[in-house]
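Listed below are the residues making up each chain.
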Protein chains: 2
Amino acid sequence: MARSRGDALELAVLGLLSQAPMHGYELRKRVTSLLGWGRVLSYGSLYPCLRTMQQEGLITEDTTTEPPTARPSRRGKVVYKLTAEGKERFATLASAGGPSAWDDENFGVHFAFFGSISTENRLRILEGRRSRLEERLEGVRSTLARSRERLDSYTLELQRHGLESVEHEVRWLTELIDNERVDRQARAADGPQTITSSAGTVPPAAENRE
Amino acid sequence: MARSRGDALELAVLGLLSQAPMHGYELRKRVTSLLGWGRVLSYGSLYPCLRTMQQEGLITEDTTTEPPTARPSRRGKVVYKLTAEGKERFATLASAGGPSAWDDENFGVHFAFFGSISTENRLRILEGRRSRLEERLEGVRSTLARSRERLDSYTLELQRHGLESVEHEVRWLTELIDNERVDRQARAADGPQTITSSAGTVPPAAENRE
DNA sequence: TTCGTCATGTAATGGGTTACATGATTAC
DNA sequence: GTAATCATGTAACCCATTACATGACGAA
């Protein structure tokens, strides 16, 4: 029934609402197109999630938009915004570098909100994702080595292409990691007098949930 | 309860059993590693599916393996094989070029069994998959064009990488399609009298299973 | 006035994983 | 004899999709 909400969807909603208040319809469009969501997010999934989050006090209806036309009878058209608690939760979830952040469905959402977290946390997530993929690579390579000659050409080609795709993502991650490191380096060299940027939103040693 | 079995899993089981009889445990390993399955297939998913398929008469227990040690009391260790009906079903499902074959979860499984279907059907599936991806590309490109300046750099980078990955797969598909076309051409030019050499002409796509 | 899009919501259902329970076989 | 792996199976749960029902608003 109302028992929805996987972490990924909650983070997505929190993150999008942290950028601007909006209603469910718009949220759906953005989750579907902007994050690495892959499939279309359905209302049957989104609305129950919004309700739950509202009950938990993470979001509220935003009554500041469109205040003059106070027509109480109008159905729907609810604009949601984050509460203080919701903002806190977003900071926590987005920065969480635990294993759940490195898998396929979650990583994209985390990445899309990298602008809201510290370089340290970005690095943690990026590196975690990369080593996750490297494990996968290792697994595929070893099964391939063990059974290459027994596989027909199409199965082999499928494996080859899969390997190639993952390798491509690993290279991408490596570039991103290098950039973040340069960034960190630059900030460190900049000297300790700059307080603002270093750990901005969340203390460097963020929690591991789960 | 026993109401499992999406098309992908059924096709996977049928295809693997068409290569050799085996038991559930081995099936799970192969589905997980050989096809483009992505995640680990769970027993909670596989065994109910096998039962259903057995009830439908697509598979049976293979008693020919290990016949001397006729110990009827032994639990489990059931080797499954295809029935005639199962072989028929496999041929039908594997060749089916409908829209369901082009989406992410199904395409890999279909591709892995390309060795069992005709060049025509391979082309249908390959082309369907490609146009599916091209639609996706078009969608991403247009939303990107509409909102590029409003996106923060990480979201943008995510889109860019997503685009790149899909483009990569499209190029891969195009190569495969070209190979299949050359193959078909060669067979046509070869004339109706030579039946034997059908798939031998082009390196990448040779050899039917076993 | 009707069509397309915006907008919200629910019920049924589907198909999967997790965690658990059980036991045989092999290697050390 | 014991640990690891092979092997089969069930029940509980999770979370998403599908299909449906409803209705407002703007433009042609």
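Residues numbered from 1 in each chain as written. Chains lettered and ligands numbered in written order. Predicted model: local features only at pLDDT ≥ 70, side-chain atom pairs only at ≥ 80, totals over all residues. Heavy atoms only, no water.

Chemist: Looking at this structure, how should I read the sheet that holds strand β1 (residues 22-23) of chain A?
Modeler: Neighbouring strands of a sheet are bound in pairs by backbone hydrogen bonds; such pairs are parallel or else antiparallel. Residues and elements named next belong to chain A. The strand order across the open sheet formed by three strands is β1-β3-β2, and the pairing between neighbours is antiparallel. At either margin of the open sheet sits one strand with a lone partner, and together these are β1 and β2 (59-61). Running at roughly 100° to β2, helix α3 (residues 43-55) makes contact with β2 and β3 (79-82) of the sheet. (Pairing = 2+ DSSP bridges. Helix = DSSP H or I, 4+ residues; strand = E, 2+ residues; numbered from the N terminus. Contact = heavy atoms within 4.5 Å. Axes fitted to C-alpha atoms, helices over the stretch in contact; angles between N-to-C directions.)

Chemist: Honestly, the relation of the copies chain B and chain A in this entry has me stumped. Any pointers?
Modeler: Two copies of the chain are present, and they differ by a rotation about an axis and a shift along that axis. Overlaying chain B on chain A yields an RMSD of 0.1 Å, the required transformation being a rotation through 180° with an accompanying axial translation of 0.0 Å. Both copies of the chain, as the preceding transformation shows, are related through a two-fold rotation axis. Minimal C-alpha separation from the rotation axis in chain B is found for S165 of chain B, amounting to 3.7 Å. The fraction of interface residues of chain B whose copies in chain A are also interface residues reaches 87%, indicating that both copies meet through the same surface. (Least-squares fit on C-alpha atoms with pLDDT ≥ 70 in both.)

Chemist: When you look at the interface of chain B and chain A in this model, what are you seeing that I'm missing?
Modeler: Accessible area lost during the coming together of the parts is what is often quoted as the interface size. Taken together, the 31 residues of chain B in the interface contact 28 residues of chain A. Between chain B and chain A, roughly 2500 Å² of surface is buried when both sides are summed, and carbon and sulfur atoms account for 60% of that area. Three residues stand out in chain B for area buried against chain A, namely Y154, L158 and W172 of chain B, and they jointly supply 26% of the buried area on that side. Taken together, the connections running from chain B to chain A amount to zero salt bridges. (Buried area = accessible area lost by both parts, 1.4 Å probe. Salt bridge = Lys/Arg side-chain N within 4 Å of Asp/Glu carboxyl O.)

Chemist: Help me understand the nonpolar core in this model?
Modeler: In this structure, L35 and F111 of chain A together with L35 and F111 of chain B are the most contacted members of the largest nonpolar core, which totals 102 residues. The residues contacting L35 of chain B, other than those within four sequence positions of it, are L158 and Q159 of chain A together with A12, L16, R30, V109, A112 and F113 of chain B. (Core = buried A, V, L, I, M, F, W, Y, C linked by side-chain atoms within 4.5 Å. Buried < 20%, exposed > 50% of the residue type's maximum accessible area, 1.4 Å probe, protein only.)

Chemist: What is the right way to read the packing of aromatic side chains from this model?
Modeler: What characterises a pair of aromatic rings is the spacing of the ring centres plus the angle enclosed by the ring planes. Counting across every chain of the model gives 16 aromatic pairs over all chains. Ring centres 5.6 Å apart and planes at 85° place the aromatic pair F90 of chain A and F113 of chain A in the edge-to-face group. Of this pair, F90 of chain A sits in helix α4 (residues 84-95) while F113 of chain A sits in the loop between α5 (104-112) and α6 (119-147), and the two are 23 residues apart along the sequence. The pair formed by F90 of chain A and F113 of chain A is uniform in burial state, with each residue classed as buried. Aromatic pair Y154 of chain A and F111 of chain B: ring centres 5.7 Å apart, planes at 90°, arrangement edge-to-face. Here F111 of chain B lies in helix α5 (residues 104-112) and Y154 of chain A lies in helix α7 (residues 153-189), a pairing that spans two chains. On the basis of relative accessibility, which here comes to 4%, the residue Y154 of chain A falls in the buried class. Ring pairing ties together the aromatic residues F107, F111, F114 and W172 of chain A together with Y154 of chain B, which thus form one cluster. (Phe/Tyr/Trp six-rings, centres within 6.5 Å; stacked < 30°, edge-to-face > 60°.)

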